[in-house]
Amino acid sequence: MGEIRIDLHTHSSASDGTDAPELMAQLARDAGLAALGLADHDTVAGWEAASVGAKAAGVTLVRGIEMTAHMLVDPAEHPDAERRVSVHMLGYLFDPSEPQMAAHMAAMCTAREDRAREIVDRLAVDFPISWELVQEYREPGAPVGRPHIADALVALGVGENRSAIFAKVLASTSQYYVPNKSALATDAVQWIRAAGGKAVLAHPKANARGNYLPDSAIRDLAEAGLFGLEVEHRDNTLSERPALAALAKELRLARFGASDYHGTGKPNRMGENLTSPEVLDLLAAGAFLPLI
Ligand code: AMP
Ligand code: ZN
Ligand code: FE
Ligand code: FE
């Protein structure tokens, strides 16, 4: 029996990935996956097309989202961190029409729009970029993010690819950077649960410059009803993973692994990290939406 390969965190062009949602399952099958999770940023707009593609490809689809959120940390507890630490909260198998979740998605789309315009205004002082140009690099209605702005800058020759642009002008330390307005991560966990879904903390060690979540914040999230922790993710270094796995075990959080695939927008390859079939069974148990 071969290994059952499951990758629950990927992005399509419904947010800032480069592959259409209807193509995602075919790509998953090509990568030898039995199940795929679609977790676009702050939107479920790709779910329907992805489910059509999943049926055609014979791949199990796990409908999800990656919510933009943050936590406030006590600097005394974590001297390297800024007070506000950005957090990405994955939500799976929830009811998208539940009022708080629906309100969050709508509010984040508007907030992202205002924030991206502000970033573009700042960039326009030094580069020939315009808001109109950025629109060419996102699907209509997709929540706008830095990757779409990066694509416009690549087209202008400012850098070779998204990663080069992020390193150069879109890093959170850049003069052009504006943070996203976002929800408290503990609220996000509660909204996902209230909508019948399961919340999983994405890439807990991903933030640059040591500005990542202290364990105390992960404990607070567990208290709020977090279901799982993404341990195997390329933004958690190999040396950080044993402690994360131990924390997950202590807090009785399910252990996830995923690629965070973004198509050609990032080097992450589908299936480069995996979640076990046992954890997928637990994720689906009692959730509002079924696996399809
Ligand atoms: P935003 O949500 O607008 O702040 O943009 C964050 C998104 O940019 C995340 O989805 C990341 O996957 C993506 N991102 C962050 N750093 C890079 C990078 N170096 N290259 C490509 N994409 C990146
Ligand atoms: Zn992204
Ligand atoms: Fe993320
Ligand atoms: Fe992601």
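Our subject is the structure listed above.
Residues numbered from 1 in each chain as written. Chains lettered and ligands numbered in written order. Predicted model: local features only at pLDDT ≥ 70, side-chain atom pairs only at ≥ 80, totals over all residues. Heavy atoms only, no water.

A.B. asks: Would you explain the packing of aromatic side chains in this entry?
C.D. replies: The geometry of an aromatic ring pair comes down to the distance between the two centres and the angle between the two planes. As enumerated under the stated definition, the model contains four aromatic pairs in all. Here the aromatic rings of Phe127 and Tyr176 are separated by 5.9 Å at their centres, their planes lie at 65 degrees, and the arrangement is edge-to-face. Of this pair, Phe127 sits in the loop between helix H3 (99–124) and helix H4 (131–135) while Tyr176 sits in the loop between helix H6 (162–170) and strand S5 (183–184), and the two are 49 residues apart along the sequence. Members of the aromatic cluster, connected to one another through ring pairs, are Tyr92, Phe227 and Phe256. Across the ring face of Trp47, the terminal group of Arg63 is positioned such that the distance to the ring centre comes to 5.9 Å. A cation over a ring is seen here: Lys198 above Phe227, with NZ or CZ 4.8 Å from the ring centre. (Phe/Tyr/Trp six-rings, centres within 6.5 Å; stacked < 30°, edge-to-face > 60°. Helix = DSSP H or I, 4+ residues; strand = E, 2+ residues; numbered from the N terminus. Lys NZ or Arg CZ within 6 Å of the ring centre and 35° of its normal.)

A.B. asks: What's the story with helix H9 (residues 241–250) in this structure? I'm lost.
C.D. replies: Each full turn of the α-helix corresponds to 3.6 residues, which orients residues three or four apart in the same direction. Every buried residue belonging to H9 is among Arg241, Leu244, Ala245, Leu247 and Ala248, and all of these are buried. Seen along its axis, H9 keeps its buried residues to an arc of 160 degrees; they face one direction. Of the residues in H9, the exposed ones pointing more than 90 degrees away from the buried face are Pro242, Ala243 and Lys249. Close packing links the buried residues of H9 with helix H8 (215–224), strand S7 (228–232) and strand S8 (254–257). Two residues or fewer after H9 comes Arg252, characterised by a positive phi angle close to 55 degrees. (Buried < 20%, exposed > 50% of the residue type's maximum accessible area, 1.4 Å probe, protein only. Arc of directions from axis to C-beta. Contact = heavy atoms within 4.5 Å.)

A.B. asks: For this particular structure, what's the right way to read the coordination of the iron ion (ligand 4)?
C.D. replies: Tetrahedral coordination by four donors puts the ideal angle at the metal at 109.5 degrees, and octahedral coordination by six puts it at 90 or 180 degrees. Coordination of the iron ion (ligand 4) by the protein comes from His9 (NE2), His11 (NE2), Glu66 (OE) and Asp260 (OD), over a distance range of 2.1 to 2.2 Å. Metal-centred angles of 78 to 168 degrees between the four donor atoms at the iron ion (ligand 4) mark the site as irregular. Here the donor residues of the iron ion (ligand 4) are spaced in sequence according to H-x1-H-x54-E-x193-D. Between the iron ion (ligand 4) and the zinc ion (ligand 2), a spacing of 4.7 Å is present. Here the two residues His9 and His11 agree in accessibility, since each one is buried. (Donors = N, O, S within 2.8 Å, 3.2 Å for Na, K, Ca; no water. Tetrahedral: all angles 85-135°; square planar, octahedral: opposite > 155°, others 65-115°.)

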